[in-house]
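Structural description and commentary
What follows is each chain in one-letter form.
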Amino acid sequence: MKYRTLGKHGLEVSAIGYGCMGLTQSYPPYLPEEESISLIRKAVDMGVTFFDTAEAYGPFSNESLLGKALRTFRDKVVIATKFGFDFEHGQNDAHNRPVTLSSRPAHIRKALEGSLQRLRTDYIDLYYQHRVDPDTPIEAVADTMADLIKEGKIRGWGLSEASTQTVRRAHAVCPLTAVQSEYSMWYRAPEKELLPALDELGIGFVPFSPLGKGMLAGRFNKDSTFGPDDFRSAIPRFSPQNLKQNVKIAELVQNMADKRHTTPARIALAWLLAQGSNIVPIPGTKTVARLEENLGAADLAFSPDELEDIRRHLNQIAIVGARYPKEQEMLTGL
């Protein structure tokens, strides 16, 4: 496994991390707990040191699962989790995901104590604000993070789905380790402003959904359908009418993979790695075979000419449909 560094303070992580959300949320069916634990530990055996979770995943069950799986490997791994939703007084969407935000300092501290308990640890390596709370100044959040770092309860902090302006304001108060946002071959909005700003400021970038929620892994075609409990059933990009257009990008990536005698997932992940040395994608999976496939992307490289050719082809494909349902799209800052 190759390794990369997030942020100027040098948080070293595996070049490809593990996004744990799908083990308990959004993409059923879910594995029995012991199988999930075995898979997470297999990832550690294969060199993965970076694991991403959140109190909102479940909610709470994902952190508890990760805490059980990693309790004997704590000194060998980097755990990232997130705060920012109000579970006591808030509301959920149609898929039972929280949509009411809260990043008040007292709420953050309470959330952190819950995460520490569930994760069976006394510190968090990377603590993200899950979504920007418009009712709490980001400077107040950053001040709280600075205090938590001094207290040794977190080692670094980050933002998720935040605008470039918010990133700059937060970083000026307490330097950010990383920003996490969606980024992949089929969602490249961060390239316009966010990625250049992160390079300038020395902040790491952690793309979630690096395989386009399965689209770039060769899993779907124009006739694919999704059950009502599958999050993709509510995403406009996966609607039957939009899928017929959007599947073109999956076909493009498959063609690239065929030429390289590899898999589309490896093409998609290797492309992300090639976009900057501060980028660490966090694909999720429920099988050892997919885990091995994903991690193999770290050994795949592109020449400058190949990267230019890929970008030219990507620019020729129009992706249609929003990436979130309306009630969640409003929570993003990009």
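Check the entry above for the structure.
I will try to describe carefully the structure that is included in this document. (Residues numbered from 1 in each chain as written. Predicted model: local features only at pLDDT ≥ 70, side-chain atom pairs only at ≥ 80, totals over all residues. Heavy atoms only, no water.)

This part takes up the overall build of the protein chain. Looking only at helices and strands, one finds 11 helices and nine strands in the protein chain. Computed over C-alpha atoms, the radius of gyration of the protein chain comes to 19 Å, within 12% of the 20 Å expected from 2.2 N^0.38 for 334 residues, which places it in the range of a compact globule. Along the first, second and third principal axes, the C-alpha atoms of the protein chain reach 50 × 40 × 40 Å. Out of the 334 residues belonging to the protein chain, those deemed buried represent 57%. When contacts within the protein chain are restricted to residue pairs at least 6 apart in sequence, those whose partners lie at least 24 apart make up 75%. Within the structure as shown, the protein chain displays about 14,100 Å² of accessible surface, and the carbon and sulfur contribution to it stands at 49%. (Helix = DSSP H or I, 4+ residues; strand = E, 2+ residues; numbered from the N terminus. Rg over C-alpha atoms; globule rule 2.2 N^0.38 Å. Buried < 20%, exposed > 50% of the residue type's maximum accessible area, 1.4 Å probe, protein only. Contact = heavy atoms within 4.5 Å. Areas by Shrake-Rupley, 256 points an atom, 1.4 Å probe, with all protein chains shown as cover.)

Let's shift gears to the packing of aromatic side chains. The description of an aromatic ring pair uses the distance of the two centres, along with the angle that the planes make with each other. In this structure the tally under the stated criterion is 10 aromatic pairs. Linked through ring pairs, Trp186, Phe220, Phe226 and Phe238 together constitute an aromatic cluster. Taking NZ or CZ as reference, Arg155 lies 4.1 Å from the ring centre of Tyr123, over its face. In this structure, Arg237 packs its charged tip against the face of Trp186, placed 5.1 Å from the ring centre. (Phe/Tyr/Trp six-rings, centres within 6.5 Å; stacked < 30°, edge-to-face > 60°. Lys NZ or Arg CZ within 6 Å of the ring centre and 35° of its normal.)

The pairing of strand E1 (residues 3–6) with strand E2 (residues 11–14) spans four bridges and is antiparallel. Directly across from Leu6, in E2, lies its bridge partner Leu11. Taken together, E1 and the strand that follows it, E2, pair antiparallel across an intervening segment of four residues, in which Gly7 is found at a positive phi of about 80°. (Pairing = 2+ DSSP bridges.)

This paragraph deals with the layout of surface pockets. Its boundaries defined by the atoms lining it, the largest pocket holds a volume of some 960 Å³. Residues belonging to the lining of the largest pocket are distributed by class as follows: 21 nonpolar, 15 polar and 10 charged. (1 Å grid on protein atoms, 1.4 Å probe; cavity = no way out; pocket = protein on both sides within 12 Å on 5 of 7 lines; lining within 4 Å. Points joined across faces, edges and corners; volume = space filled by probe spheres on them. Nonpolar A, V, L, I, M, F, W, Y, C, P; charged D, E, K, R; others polar.)

A few words on the sheet that holds strand E7 (residues 157–160). Strand order across the open sheet formed by seven strands is E3-E4-E5-E6-E7-E8-E9, with parallel pairing between neighbours. Both edges of this open sheet fall to strand E3 (18–19) and strand E9 (204–208), since each of them pairs with a single strand only. As judged from the five bridges shared by strand E8 (residues 178–182) and E9, these two strands associate in the parallel manner. Following the sheet pairing, Ser181 is matched in E9 by Pro207. The strands touched by helix H3 (residues 105–119) within the sheet are strand E5 (78–83) and strand E6 (126–129), with E5 carrying the most contacts at an inclination of about 140°. Its contacts with the sheet put helix H4 (residues 138–150) on E5, E6 and E7, and the angle it makes with E7 is roughly 150°. (Axes fitted to C-alpha atoms, helices over the stretch in contact; angles between N-to-C directions.)

A regular strand carries its side chains on alternate faces of the sheet. Summarising burial for E9: five of the five residues are buried, a large majority. Side chains of E9 alternate between two faces, with Gly204, Val206 and Phe208 and Phe205 and Pro207 buried alike. For the crossover that starts at E8, traverses helix H6 (residues 194–201) and ends in the parallel E9, the hand is right-handed. (Right-handed = clockwise from strand over helix to strand, strands pointing away.)

For H6, the complete set of buried residues consists of Leu194, Leu195, Ala197, Leu198 and Leu201. With its buried residues spanning 160° around the axis, H6 presents them on a single face. Residues of H6 that are exposed and angled more than 90 degrees away from the buried face: Asp199 and Glu200. Immediately downstream of H6, the backbone of Gly202 shows phi near 75°, a positive value. (Arc of directions from axis to C-beta.)

Viewed as axis vectors pointing N to C, H4 and helix H5 (residues 164–173) meet at an angle of 40°, and their least axial separation amounts to 8 Å. Classified by the angle their axes make, H4 and H5 are oblique. Classified by chirality, the crossing of H5 by H4 is right-handed. Taking contact as the criterion, the partners of Ile138, Glu139, Ala142 and Asp143 in H4 are, on H5, Thr166, Arg169, Ala170 and Val173. Considering only residue class, the contact of H4 with H5 consists of four nonpolar, one polar and three charged. (Parallel < 35°, antiparallel > 145°, perpendicular 65-115°, else oblique. Left-handed = near helix turned anticlockwise from the far one by under 90°.)

Assignment of secondary structure puts Pro134 in the loop between E6 and H4. In this structure, the C-alpha to C-alpha distance between Pro134 and Leu65, residues 69 residues apart in sequence, is 31 Å.

Here the focus is the side chain of Asn294. The topology assignment puts Asn294 in helix H9 (residues 288–295). Once you skip the residues sitting within four places of it in the chain, Asn294 turns out to touch Ile16, Leu211, Ala265, Leu269, Pro283, Gly284 and Thr285.

Attention now moves to the pattern of salt bridges. Scanning the model with the defined rule gives 22 salt bridges in all. Residues Asp125 and Arg74 are paired through a salt bridge, measuring 2.9 Å at the closest nitrogen-oxygen approach. Residue Asp125 is located in the loop between H3 and E6, and its partner Arg74 is located in the loop between helix H2 (61–70) and E5; the two are separated by 51 residues in the primary sequence. As far as burial versus exposure is concerned, Asp125 and Arg74 are alike and both buried. Put simply, Lys222 and Asp223 hold a salt bridge, and the shortest N to O gap is 3.2 Å. (Salt bridge = Lys/Arg side-chain N within 4 Å of Asp/Glu carboxyl O.)

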